Amino acid sequence: MCYPPGARPPEVPDDLRLAPMSGGAGGEEANIASADGTKFRTYLARASGDRGVVICPDVRGLHPFYEELAERFASAGVSAIAFDYFGRTAGAAPRPPDFDFTPHVRQTTPKGVFADIAASRDHLEKGSGSRRTFVLGFCFGGRIAFLSSAEQPGLAGVVGFYGRLGRREGETWAVPADEAKRMRAPVLGLFGGADPGIPPTDVAAFDEALAAAKVKRHLESYPGAPHSFFDRSFDEHKRECDDAWRRVLAFMRTGDPRTASGDMDRVGSVG
């Protein structure tokens, strides 16, 4: 899995937070229906303004990490909805911490997940008034976020934190570089430079494919940072976490990932 059970998202930098509470801006659970009638669980945190984000979790599905992340976004003025992948195979009820997600991940399909993203987006936009919506994801969800640029019309942009860029044996999910020619929404990618699962060659290939397709993009690799560096327990990577927050929120403000500059030197970045 992408994060250990006790992991929580890092705080939004103080100067970017609009709501004073440290835990975010509060949120609410709701079971909503996908296009095929499947009920699945979501967590929505509202903010004022016209920006919103659909959060694609890691392989655990809707975990407290992502509920709290939705609150973090709301505290920064971006309405956010996190959703669960496993309504078709595990139902819509909350699950225990020791839930075995592996067989359910294997049963996910692009058709089902993208339908759930569309339903989550609709719930977000109707419930918050968002008119500029992004899709953001982590690891398994990071790749889904990248692919959403091709699969979800009318997005303002997509953000992938260490989204998988290669193919594993038996997978049904496309390689993002192979789908770049179909992508329309701008792309921001954030990677750990010390992540063995996403080598620099994969990042470079994705960047080249996006460039050939004339997709606005920025791919940032943080030297020495591991996979899943966006975790507030990683004190040694606080600077990278702050920088990532600044890039993501600037992208959501401007709509252009190339202007989403953070605090760090642009070493290792492309695009």
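Here's a quick rundown of the structure. (Residues numbered from 1 in each chain as written. Predicted model: local features only at pLDDT ≥ 70, side-chain atom pairs only at ≥ 80, totals over all residues. Heavy atoms only, no water.)

### Comments concerning the layout of surface pockets
If you add up the space inside the largest pocket, you get close to 480 Å³. If you trace the largest pocket, you find 19 residues lining it, with Val 59, Val 105, Phe 140, Arg 168 and Glu 171 closest to the centre. When contributions to the lining of the largest pocket are tallied by element, the ones reaching two or more residues are helix H3 (102-107) and helix H5 (140-151). Ranked by the residues each element gives to the lining of the largest pocket, the list is headed by H3, at three residues. For the lining of the largest pocket, the per-class residue count stands at eight nonpolar, five polar and six charged. Counted as a void, the second largest pocket has a volume near 350 Å³. What lines the second largest pocket is a set of 16 residues, and nearest its centre among them are His 63, Pro 64, Arg 95, Pro 96 and Pro 97. (1 Å grid on protein atoms, 1.4 Å probe; cavity = no way out; pocket = protein on both sides within 12 Å on 5 of 7 lines; lining within 4 Å. Points joined across faces, edges and corners; volume = space filled by probe spheres on them. Helix = DSSP H or I, 4+ residues; strand = E, 2+ residues; numbered from the N terminus. Nonpolar A, V, L, I, M, F, W, Y, C, P; charged D, E, K, R; others polar.)

### What about unusual backbone geometry?
Even without a glycine there, the phi angle at Lys 214 is positive, about 60 degrees. Within the secondary structure layout, Lys 214 lies in the loop between helix H7 (200-212) and strand E8 (217-222). Here Ser 228, not a glycine, exhibits a phi torsion of approximately 65 degrees, which is positive. Within the fold, Ser 228 resides in the loop between E8 and helix H8 (238-254). Exposure remark for Ser 228: the relative accessible area of 5% places this residue in the buried category. (Buried < 20%, exposed > 50% of the residue type's maximum accessible area, 1.4 Å probe, protein only.)

### Observations concerning the pairing of strand E3 (residues 51-56)
Counting buried positions over the six residues of E3 gives six, a clear majority of the element. Where E3 lies against strand E5 (residues 132-138), six bridges are found, and the strand directions are parallel. Within E5, the position partnered with Cys 56 by the bridge is Gly 137. Where E3 and strand E4 (residues 79-83) come together, four bridges link them in parallel fashion. Residue pairing for E4: Val 53 is matched across the bridge by Ala 80. After leaving E3, the chain enters helix H1 (residues 64-75) and then returns to the sheet as E4, a path that is right-handed. (Pairing = 2+ DSSP bridges. Right-handed = clockwise from strand over helix to strand, strands pointing away.)

### Section: the pairing of E5
Burial analysis of E5 places six of its seven residues in the buried class, which makes it a mostly covered element. Pairing of E5 with strand E6 (residues 157-161), which is carried by five bridges, proceeds in the parallel orientation. Across the sheet, the residue bridging to Phe 138 is Phe 161, located in E6. Between the parallel pair E5 and E6, the chain is carried across by H5, and the sense of this crossover is right-handed.

### Describing the pattern of salt bridges
Side-chain pairs of opposite charge can arise where the charged atoms are in close proximity. Overall, the coordinates contain 23 salt bridges when judged by the stated rule. Asp 15 is the salt-bridge partner of Arg 246, the closest N and O atoms lying 2.8 Å from each other. Taken together, the residues Arg 246 in helix H8 and Asp 15 in the segment before strand E1 (28-33) connect sequence positions 231 residues apart. Exposure remark for Arg 246: the relative accessible area of 18% places this residue in the buried category. Connected through salt bridges with shared partners, the residues Arg 8, Glu 11, Asp 14, Arg 17, Glu 68, Arg 72 and Arg 232 form a single ionic network. (Salt bridge = Lys/Arg side-chain N within 4 Å of Asp/Glu carboxyl O.)

### As for H8
Because each turn of an α-helix spans 3.6 residues, side chains separated by three or four positions in sequence point in the same direction. With 17 residues, H8 should reach 24 Å at 1.5 Å per residue; the first-to-last C-alpha distance of 24 Å fits that figure. Burial analysis of H8 places 13 of its 17 residues in the buried class, which makes it a mostly covered element. Directly beyond the C-terminal end of H8, a positive phi value near 80 degrees is found at Gly 255. (Expected span 1.5 Å × (residues − 1).)

### Re the nonpolar core
Judged by nonpolar contacts, the single largest core of 80 residues is most densely connected at Ile 55, Phe 73, Leu 136, Phe 161 and Phe 230. Broken down by element, the residue count for this core peaks at seven residues, all from H8. Beyond its immediate chain neighbours, meaning those up to four positions away, Phe 161 contacts Leu 136, Gly 137, Phe 138, Cys 139, Gly 142, Leu 190, Phe 229, Phe 230, Ala 244 and Val 248. (Core = buried A, V, L, I, M, F, W, Y, C linked by side-chain atoms within 4.5 Å. Contact = heavy atoms within 4.5 Å.)

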